[in-house]
There are 4 protein chains.
Amino acid sequence: MSQHPSAESLLSSQMADCIQDCLTSHAVCLETAMSLLQKGTTSADPVRMLLDCSEVCATNAHFMMRNSPVYGSVCQACAQVCTHCAEVCDKIGEKDCANACRASARCCEQLAKLIP
Amino acid sequence: MSQHPSAESLLSSQMADCIQDCLTSHAVCLETAMSLLQKGTTSADPVRMLLDCSEVCATNAHFMMRNSPVYGSVCQACAQVCTHCAEVCDKIGEKDCANACRASARCCEQLAKLIP
Amino acid sequence: MSQHPSAESLLSSQMADCIQDCLTSHAVCLETAMSLLQKGTTSADPVRMLLDCSEVCATNAHFMMRNSPVYGSVCQACAQVCTHCAEVCDKIGEKDCANACRASARCCEQLAKLIP
Amino acid sequence: MSQHPSAESLLSSQMADCIQDCLTSHAVCLETAMSLLQKGTTSADPVRMLLDCSEVCATNAHFMMRNSPVYGSVCQACAQVCTHCAEVCDKIGEKDCANACRASARCCEQLAKLIP
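Within each chain, residue numbers correspond to sequence positions counted from 1 in written order. The naming scheme follows written order: chains are lettered A onward, ligands numbered 1 onward. Where local features are concerned, this predicted model is filtered to residues with pLDDT of at least 70; where side-chain atom pairs are given and counted, the filter is 80 or more; whole-chain, interface and lining totals use all residues. Values shown for side chains rest on all heavy atoms present in the structure; no hydrogens or waters enter the calculation.

Caption draft 1: Just the overall build of chain A, in detail. Along chain A, the regular secondary structure elements total 4 helices and 0 strands. Across chain A, helices and strands are ordered from the amino to the carboxyl terminus as α-α-α-α. Taking 2.2 N^0.38 as the reference for a compact globule, 116 residues should give roughly 13 Å; the C-alpha atoms of chain A span a radius of gyration of 15 Å, in line with that estimate. The principal-axis extent of the C-alpha atoms belonging to chain A is close to 50 × 25 × 20 Å. Relative accessibility under 20% of the residue-type maximum defines a buried residue, over 50% an exposed one, and the middle range a partly exposed one, all with a 1.4 Å probe and only protein chains included. Put simply, chain A has 116 residues, and 55% of those count as buried. Look at the contacts in chain A between residues 6 or more apart in sequence, and 69% of them connect residues 24 or more apart. When the accessible surface of chain A is split by element, carbon and sulfur atoms take 52% of a total near 5,300 Å². Residues scored as charged are limited to Lys and Arg (positive) and Asp and Glu (negative), so that His and the chain ends carry no count. The location of each charge is read from NZ of Lys, CZ of Arg, CG of Asp or CD of Glu. The positive charge centre, built from 8 side chains, and the negative charge centre, built from 12, are 4 Å apart in chain A. Here a strand is any run of E in DSSP of at least two residues, a helix any run of H or I of at least four, and the numbering for each starts at the N terminus. A radius of gyration in this sense is built from C-alpha atoms; the matching globule rule multiplies 2.2 Å by the number of residues raised to 0.38. Whether two residues are in contact is decided by their heavy atoms: any pair within 4.5 Å suffices. Areas reported here follow the Shrake-Rupley algorithm with a probe of radius 1.4 Å; residue values treat only the protein chains shown as occluding.

Caption draft 2: Local environment of the interface of chain D and chain C. Counting from both sides, the interface comprises 21 residues of chain D and, opposite them, 21 residues of chain C. Buried area: the accessible surface (1.4 Å probe) lost by two parts on joining, summed over both. With both chains or domains summed, chain D and chain C bury close to 1,800 Å², and 60% of this area falls on carbon and sulfur atoms. We define a salt bridge as a contact between a side-chain nitrogen of Lys or Arg and a carboxyl oxygen of Asp or Glu at a distance within 4 Å. Inspection of the region where chain D meets chain C yields 4 salt bridges. Definition of a polar contact: a pair of N or O atoms within 3.5 Å, with one able to donate and the other able to accept a hydrogen when the atoms are protein atoms, and with sequence-neighbouring residues admitted only if both atoms are side-chain atoms. Between the two partners, chain D and chain C, sit 11 residue pairs in polar contact (both at pLDDT 80 or more). Taken together, the elements giving at least two residues each to the side of chain D that touches chain C come down to helix H2 (44–65) and helix H3 (71–91) of chain D. Counting residues per element, the side of chain D that touches chain C draws most heavily on H2 of chain D, which supplies 10 residues.

Caption draft 3: Structural view of unusual backbone geometry. Of note in the backbone geometry, Asn67 of chain A takes a positive phi value of approximately 55° without being a glycine. On the secondary structure map, Asn67 of chain A appears in the loop between helix H2 (44–65) and helix H3 (71–91).

Caption draft 4: Representation of the packing of aromatic side chains in the model. Here a pair means two rings of Phe, Tyr or Trp (six-membered ring of Trp) with centres within 6.5 Å. Their orientation is stacked below 30 degrees between planes, edge-to-face above 60, and tilted elsewhere. Counted by the stated rule, this structure contains 0 aromatic pairs over all chains. Note on geometry: a ring has a charge over it if NZ (lysine) or CZ (arginine) is within 6 Å of the ring centre and within 35 degrees of the ring normal. Above the ring of Phe63 of chain B, the side-chain terminus of Arg66 of chain B is found at 5.2 Å from the ring centroid.

Caption draft 5: The arrangement of empty space enclosed by the protein in detail. With a 1 Å grid spanning the protein atoms alone, the term cavity applies to any set of points in which a 1.4 Å probe fits but cannot get out, the term pocket to an open set with protein on both sides within 12 Å along at least five of seven lines, and the term lining residue to any residue with an atom within 4 Å of a point. Grid points are joined across faces, edges and corners, and a volume is the space filled by probe spheres set on the points. Scanning all chains against the criterion turns up 4 cavities of 30 Å³ or more. Roughly 1,000 Å³ of internal volume is contained in the largest cavity. The wall of the largest cavity is formed by 39 residues, among which Glu55 of chain A, Glu55 and His62 of chain B, Glu55 of chain C together with Glu55 of chain D lie closest to the centre. Those elements that provide at least two residues to the lining of the largest cavity are helix H1 (7–39) and H2 of chain A, helix H1 (7–39) and helix H2 (44–65) of chain B, helix H1 (7–39) and helix H2 (44–65) of chain C together with helix H1 (7–39) and H2 of chain D. Under the grouping applied here, Gly and all other residues not named as nonpolar or charged are polar, the nonpolar ones being Ala, Val, Leu, Ile, Met, Phe, Trp, Tyr, Cys and Pro and the charged ones Asp, Glu, Lys and Arg. Counted by class, the lining of the largest cavity contains 15 nonpolar, 16 polar and 8 charged residues.

Caption draft 6: Main features of the relation of the copies chain B and chain A. Superposition of the copies was done by least squares, using only C-alpha atoms of residues whose pLDDT is at least 70 in both. With an axial shift of 0.0 Å and an RMSD of 0.0 Å, the rotation relating chain B to chain A amounts to 180°. Considering both components of the superposition, the chain copies are consistent with a two-fold axis. Most of the interface of chain B is mirrored in chain A: 100% of its interface residues are interface residues there too.

Caption draft 7: Broad picture of the interface of chain B and chain A. Contacts between the two partners involve 21 residues from chain B, matched on the other side by 21 residues from chain A. Each partner contributes to the roughly 1,800 Å² buried at the junction of chain B and chain A, and carbon and sulfur atoms together form 60% of this total. For the pair chain B and chain A, the number of links is 4 salt bridges. For Arg66 of chain B, the salt bridge identified is with Asp52 of chain A, shortest N-O distance 2.6 Å. Joining chain B to chain A, the criterion identifies 11 residue pairs in polar contact (both at pLDDT 80 or more).

Caption draft 8: How the structure looks around the state of the cysteines. For the purposes of this analysis, a disulfide is any pair of cysteine sulfur atoms at a distance within 2.5 Å. In total, this model carries 4 disulfides over all chains according to the counting rule given. Here Cys18 of chain B connects covalently by a disulfide to Cys107 of chain B, the sulfurs 2.3 Å from one another. As the torsion about the S-S bond is roughly 65°, the Cys18 of chain B-Cys107 of chain B disulfide counts as right-handed. Of this pair, Cys18 of chain B sits in helix H1 while Cys107 of chain B sits in helix H4 (residues 95–114), placing them 89 residues apart in sequence. For Cys107 of chain B, a relative accessible area of 9% gives the class buried. Not part of a disulfide, Cys57 of chain A finds its nearest cysteine sulfur in Cys82 of chain A, a span of 3.4 Å. Take Cys57 of chain A: its relative accessible area is 0%, and that puts it in the buried class. Cys78 of chain C takes part in no disulfide bond, and the closest cysteine sulfur to it belongs to Cys108 of chain C, at a distance of 3.9 Å.

So far we have only geometry, and geometry alone does not tell us how the molecule works.
The following block contains the structure:
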């Protein structure tokens, strides 16, 4: 690492962190969905939202891993879905999942702003 | 089918068509990527774009299949990636793949407009 | 098609059919899982099995699309999961889904036998 | 952790480790595939194997996360694909990826043995 990181290396380091955040919320959302199902959830909505969020987080992580030139729009979609999912998690008391989703939403929003 | 379909059934029928279009371009993009690889492609860019497009088409189809309340942002991302991928396919002479991507881009744009 | 297809072209034609069968059960299983959830299912088990089956069918189809040299073990896993899922679908009266899973199980078993 | 873990908690702890190993090789394989592509690889085979391995590792991790009753066959398929992929990575000097794949192969083999 140089002492004065270039814009490019800053982006690359932020992206590496965001890949990790998205892979974490991908996993936490899937596990939370299954745990709700196992408990005998009465509503389909949170499970659906968690499956949605889990999948878009994985897809977004893969776009960044592939260094995709078109990751910006997927990053924005991921930020929106994660924000919604965090709200749903708050309502049903799934605090860890809400935090994971908010972390992903935040890093995706920040990355989306950096796209020229 | 009623003679005067409601807005809801119109959306639902358009969505069913779009799921099919996205699943088709998901498959065609993956097969085209592997065919380029097999031929010993000289550039990574078209393969990457085809893998990107294949994945976002699947994710978008899954959001629609799950009847997700947040599919709009994924649909827009899918439209953008498919449009780029169609252009890349045109340049390398992959006409069938270009057509599949354009069909998906079009249905996603139309669906995204219908979201209230 | 030649009148006396070679072993290779027979495999390739069976594989193309199996890719289609697996993509169909991938879609039908996901849609059936969401429909159960929407109805307010009382047990997690069928939804879990349907999500399992949907995912392994997609993975198996992708292995075949990539012309993978190691698709045999995934094909066997897919056959087993599809067979279980078909039984679960029978029990809960999801006849179309049971049929789709059985078609995939059958083509995967046949393909797995052809591997030298 | 109790001093005398039950068979069930041992399985559960081994499974949690294996989920992590599989998610790691899922990521490393995808990144290695893209890096080979970027360098202008001359052969399609390693890229294909890395994409195969990346996908089956994710699918296997998801089966374990869902606590699937049929994860055994997917676990065996994952072990086989990871073993092949590790050999391919050795040949092309991708040591980190080879190690990640071998770790996943090992944990999958161990888990598959524990299934009653």
